[in-house]
Amino acid sequence: FWSASVNSGFSYLKSLSIDLTYIILLNDDLHISCNNLLRLVALNNGRQISAPLILDFNDTRKVVFSGKSWSNRTLSYVETYSDIYEIPDCNSVDILAGNCLAIPFNVLAGKTSLVNEFSFPHVFGDASFCIDMKNEWNLNSVVFKEVIAYDDTSDKDGKNYFIQGL
């Protein structure tokens, strides 16, 4: 499951005793260019969890995920934007998808695991992690509009699409 895999990788990185600046979580069903991955880290100020704007493979104007924020009106977490043209350059949110995250390593020094694999073995571990990081470490979650990734769950023809920034 996702959470156990993330924690296993985190434990392994901590055991290496090397100087790390960021941890990057990246699923194999998300496509992001090396340039956009480097840009994701470069835009991070060291006090936030950052993620790319995730668009649909087949319709690059369709936002798949732009982060979720708490709504007092619905008393739930809701998608922040569905239209690419409405999204600000840096969108501060409460929850990010765990399929592509840049996390500053220094704020994780005292942690033994990243996500709660017992309560959330496969889904919602990323949401729980973002909320915990905000509450425990005052770490904001942001989506950068200029860093684009594509979700291939909608890709039906098996082509290898590559990513480009806006």
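The rules behind each value
- For every chain, the first residue of its written sequence is number 1, and the numbers climb from 1 along that sequence.
- Reporting of local features is limited, given that this is a predicted model, to residues whose pLDDT is at least 70; pairs of side-chain atoms are given and counted only at 80 or more, and all residues count toward the totals for whole chains, interfaces and linings.
- Computation of side-chain values: all heavy atoms of the structure, hydrogens and water removed.
- Secondary structure follows DSSP: runs of H or I at least 4 residues long count as helices, runs of E at least 2 residues long count as strands, and numbering of each begins at the N terminus.
- All radius of gyration figures rest on C-alpha atoms, and the globule criterion is 2.2 Å times the number of residues raised to 0.38.
- Residue exposure (1.4 Å probe, protein chains only): buried if accessible area is under 20% of the type maximum, exposed if over 50%, otherwise partly exposed.
- Per-residue accessibility takes into account occlusion by the displayed protein chains alone, with areas from the Shrake-Rupley method and a 1.4 Å probe.
- Along the chain, pLDDT gives the predictor's confidence residue by residue, from 0 to 100.
- Should any heavy atoms of two residues lie within 4.5 Å, those residues are counted as being in contact.
- Following DSSP output, two strands are said to pair if at least two bridges run between them.
- Salt bridges are counted wherever a side-chain nitrogen of Lys or Arg sits within 4 Å of a carboxyl oxygen of Asp or Glu.
- Residues belong to a common nonpolar core when they are buried Ala, Val, Leu, Ile, Met, Phe, Trp, Tyr or Cys residues joined through side-chain atoms within 4.5 Å.
- Working definition: a ring pair exists when centres of Phe, Tyr or Trp rings (six-membered ring for Trp) sit within 6.5 Å. Plane angles under 30 degrees give stacked, over 60 give edge-to-face, the rest tilted.

**Student:** Residue-level account of the overall build of the protein, with values.
**Tutor:** Counting secondary structure elements, the protein contains three helices and nine strands. Taken from the N to the C terminus, the helices and strands of the protein come in the order α-β-β-α-β-β-β-β-β-β-α-β. Here the C-alpha atoms of the protein give a radius of gyration of 16 Å, agreeing with the 15 Å that 2.2 N^0.38 yields for 166 residues. Its C-alpha atoms give the protein principal-axis dimensions of roughly 40 × 40 × 30 Å. Counting across all 166 residues of the protein, residues that qualify as buried make up 45%. Carbon together with sulfur atoms contributes 52% to the accessible area of the protein, which is approximately 9,000 Å² in total.

**Student:** Give me the lowdown on the confidence of the model for the protein, citing residues and values where you can.
**Tutor:** Averaged over all residues, the pLDDT of the protein equals 84, while 91% of them reach at least 70. Segment residues 155–166 is flagged for pLDDT under 50; beyond a separation of four residues in sequence, or across chains, it makes 27 contacts in the model.

**Student:** Quick one: what's the story with the pairing of strand β7 (residues 90–93), residue by residue and with numbers?
**Tutor:** Every second residue of β7 is oriented toward a common face, the buried set being N91 and V93 and the non-buried set C90 and S92. Note that β7 and strand β9 (residues 140–151) share four bridges and pair antiparallel. If you follow N91 over to β9, its bridge partner there is V143.

**Student:** Before we move on, could you go through the pattern of salt bridges and cite the residues and values that matter?
**Tutor:** The tally for this structure, following the rule as stated, stands at three salt bridges. With a closest N to O distance of 3.5 Å, D59 and R61 form a salt bridge. Relative accessible area serves as the criterion here: at 28%, D59 is assigned to the partly exposed category. E136 is the partner of K111 in a salt bridge, and the nearest nitrogen-oxygen pair spans 3.7 Å. Of this pair, K111 sits in the loop between β8 (100–104) and α3 (125–137) while E136 sits in helix α3; the two residues are 25 residues apart in sequence, bridging distant segments of the chain.

**Student:** Can you tell me about the environment of V41, naming the residues and giving the values?
**Tutor:** By the secondary structure assignment, V41 is in helix α2 (residues 34–43). The spatial distance from the C-alpha of V41 to the C-alpha of L139 is 15 Å, given a sequence separation of 98 residues. Not counting the four nearest positions on each side in its chain, V41 is found in contact with Y22, I24 and A102.

**Student:** Please give an account of the nonpolar core that cites residues and values.
**Tutor:** Membership of the largest hydrophobic core comes to 30 residues, with the highest contact counts inside it found for L25, I49, L53, L96, L108, L114 and F129. With four residues, the top contributor of residues to this core is strand β3 (residues 48–56). Contact partners of L53, with chain neighbours within four places excluded, come to V63, F65, S66, I84, I87, V143, F144, K145, V147, I148 and A149.

**Student:** Break down the packing of aromatic side chains for me, with residues and values.
**Tutor:** Two numbers describe a pair of aromatic rings. These are the distance of the centres and the angle of the planes. This structure, assessed with the given rule, holds two aromatic pairs. Considering the side-chain rings of W70 and Y77, the 5.0 Å spacing of their centres and the 70° angle between planes classify their relative orientation as edge-to-face. Here W70 falls in the partly exposed class, since its relative accessible area comes to 41%.

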